Amino acid sequence: MAAHSLCGMRFARSGMQSTWTHTALFVAFLVFLSGLSLSSACNKALCASDVSKCLIQELCQCRPSDGNCSCCKECMLCLGTLWEECCDCVGMCNPRNYSDTPATSKSTVEDLYRPIPSLFRALTEGEAPINMMVVSFPVAEELSYHESLVSFLETMEDQHQNVSLPGNSIHSSYDNTQENMCTVVYFDDCVSIRQCKQYCESMGGSKYRWFHNACCECIGPECIDYGSRAVKCMNCLF
């Protein structure tokens, strides 16, 4: 009977320790989230979920700024493709100064491997699907930035012979750009760059543009360059 009672006490003590551990981790997670809301550097919308996972697993506890990088590799592996955007959230790299260059002014673009133009057109015709915004504008407007970039690089080429220019093939099959429309899709909510690529692939998009504030833009087959540089995600504007 006594042995039975002792075993029960040990089990209860173990259960209490486990409960305290989970409670401590939960409190740390809440403190982390509150800290994110006050920080202008950490991208809360993009990083909160993955960073909290890595913190709960205690993979990002060391501080390189103090000369201790014993956990740096584990932390990088845990954050994966979000490392560059989120390393400042866990104190692994210097905080970014978004006041000088806001996240909405920077973006990552990529061509998709197997676009399905007919699927993209079908999904963007008529009333827009829920949680999305469909925007169409003349291809000439899309190309205006490209043309100004080429003009700038031509000036640079005159000064430095090793500057390479984008190919002129972008205009070769589009003599009447005013008659063509570029259609893009914005998702209302913030998403990670991986989700952005997956969503645009599932819509049959030709390319995607992921803004560094986590706004996602899927680019249709009629677009010549990389769509619009304007951020128009309803719930992800800053």
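Anything mentioned here points back to the structure above.
Computed from a predicted structure; not experimentally measured.

A.B. asks: What should I look at first to understand the nonpolar core in this one?
C.D. replies: General note: in soluble globular proteins, nonpolar side chains tend to be found buried as a group. By size, the foremost hydrophobic cluster in this structure holds 48 residues, and its most contacted members are Leu-79, Cys-86, Met-92, Val-184 and Cys-218. By residue number, the principal contributor to this core is strand 3 (residues 181-187), which donates five residues. Looking at this core, you find at least three residues from each of domain 1 (44-90) and domain 2 (101-144 + 180-237). Look past the residues within four positions of Cys-218 in its chain and what remains in contact with it is Phe-120, Thr-183, Val-184, Val-185, Phe-187, Tyr-199, Cys-200, Met-203 and Lys-207.

A.B. asks: Honestly, the environment of Asp-225 in this entry has me stumped. Any pointers?
C.D. replies: Considering the arrangement of structural elements, one finds Asp-225 in the segment after strand 5 (216-219). The class of Asp-225 is buried, set by a relative accessible area of 14%.

A.B. asks: What am I meant to see in the pattern of salt bridges here?
C.D. replies: Once the charged atoms of two side chains with opposite charge are near each other, the side chains can pair. Taken as a whole and judged by the stated rule, the model has four salt bridges. A salt bridge links Arg-121 to Glu-222; the shortest N-O distance between them is 2.6 Å. One end of the pair, Arg-121, is in helix 5 (residues 117-124); the other, Glu-222, is in the segment after strand 5, and 101 residues separate them in sequence. Looking at Glu-222, the relative accessible area reads 26%, which means it is partly exposed. Glu-217 serves as the salt-bridge partner of Arg-209, at 3.9 Å between the closest nitrogen and oxygen. By relative accessible area, Arg-209 is classed as buried at 9%.

A.B. asks: What is the right way to read the packing of aromatic side chains from this model?
C.D. replies: To describe a pair of aromatic rings, one takes the distance between the centres and the angle between the planes. For the structure shown, the criterion picks out one aromatic pair. Taking the ring centre of Tyr-226 as reference, the NZ or CZ of Lys-207 above it sits at 4.7 Å.

A.B. asks: Which parts of the structure should I look at to understand the sheet that holds strand 2 (residues 132-138)?
C.D. replies: Remark on secondary structure: sheet strands pair via backbone hydrogen bonds, oriented parallel or antiparallel. Reading across from one edge, 1-4-5-3-2 is the order of the five strands in this open sheet, with antiparallel pairing throughout. Two strands lie at the open edges of the sheet, namely strand 1 (107-111) and strand 2, each paired on one side alone. Shown here is a sheet whose adjacent strand axes are inclined to one another by a mean of 20°, direction ignored. The pairing of strand 3 with strand 5 spans three bridges and is antiparallel. In the sheet register, Val-184 faces strand 5, and the bridge partner there is Ile-219.

A.B. asks: Please clarify how helix 3 (residues 72-79) should be interpreted in this entry.
C.D. replies: Every α-helical turn comprises 3.6 residues, leaving residues that sit three or four positions apart pointing alike. Those residues of helix 3 that sit buried are Cys-72, Cys-75, Cys-78 and Leu-79. Along the long axis of helix 3, the arc covered by the buried residues comes to 125°, so they all point the same way. The exposed residues of helix 3 that point more than 90 degrees off its buried face are Lys-73 and Leu-77. Along its buried surface, helix 3 packs onto helix 2 (44-56) and helix 4 (83-86). Within two residues after helix 3, Gly-80 carries a phi angle of roughly 60°, on the positive side.

A.B. asks: Would you take a moment to explain the state of the cysteines for this structure?
C.D. replies: Among covalent bonds in proteins, the disulfide is the one between the sulfur atoms of two cysteines. One pass over the structure, following the stated rule, counts 11 disulfides. Each sulfur of the disulfide joining Cys-60 and Cys-75 lies 2.1 Å from the other. Judged by the torsion about the S-S bond (95°), the Cys-60/Cys-75 disulfide is right-handed. With a gap of 15 residues between them, Cys-60 in the loop between helix 2 and helix 3 and Cys-75 in helix 3 connect regions that are remote in the sequence. Like Cys-60, the residue Cys-75 is buried in the burial classification.

Here is what the cut-offs are and how they apply
Residues numbered from 1 in each chain as written. Predicted model: local features only at pLDDT ≥ 70, side-chain atom pairs only at ≥ 80, totals over all residues. Heavy atoms only, no water. Core = buried A, V, L, I, M, F, W, Y, C linked by side-chain atoms within 4.5 Å. Buried < 20%, exposed > 50% of the residue type's maximum accessible area, 1.4 Å probe, protein only. Helix = DSSP H or I, 4+ residues; strand = E, 2+ residues; numbered from the N terminus. Domains from an automatic or database assignment. Contact = heavy atoms within 4.5 Å. Salt bridge = Lys/Arg side-chain N within 4 Å of Asp/Glu carboxyl O. Phe/Tyr/Trp six-rings, centres within 6.5 Å; stacked < 30°, edge-to-face > 60°. Lys NZ or Arg CZ within 6 Å of the ring centre and 35° of its normal. Pairing = 2+ DSSP bridges. Axes fitted to C-alpha atoms, helices over the stretch in contact; angles between N-to-C directions. Arc of directions from axis to C-beta. Disulfide = S-S within 2.5 Å.

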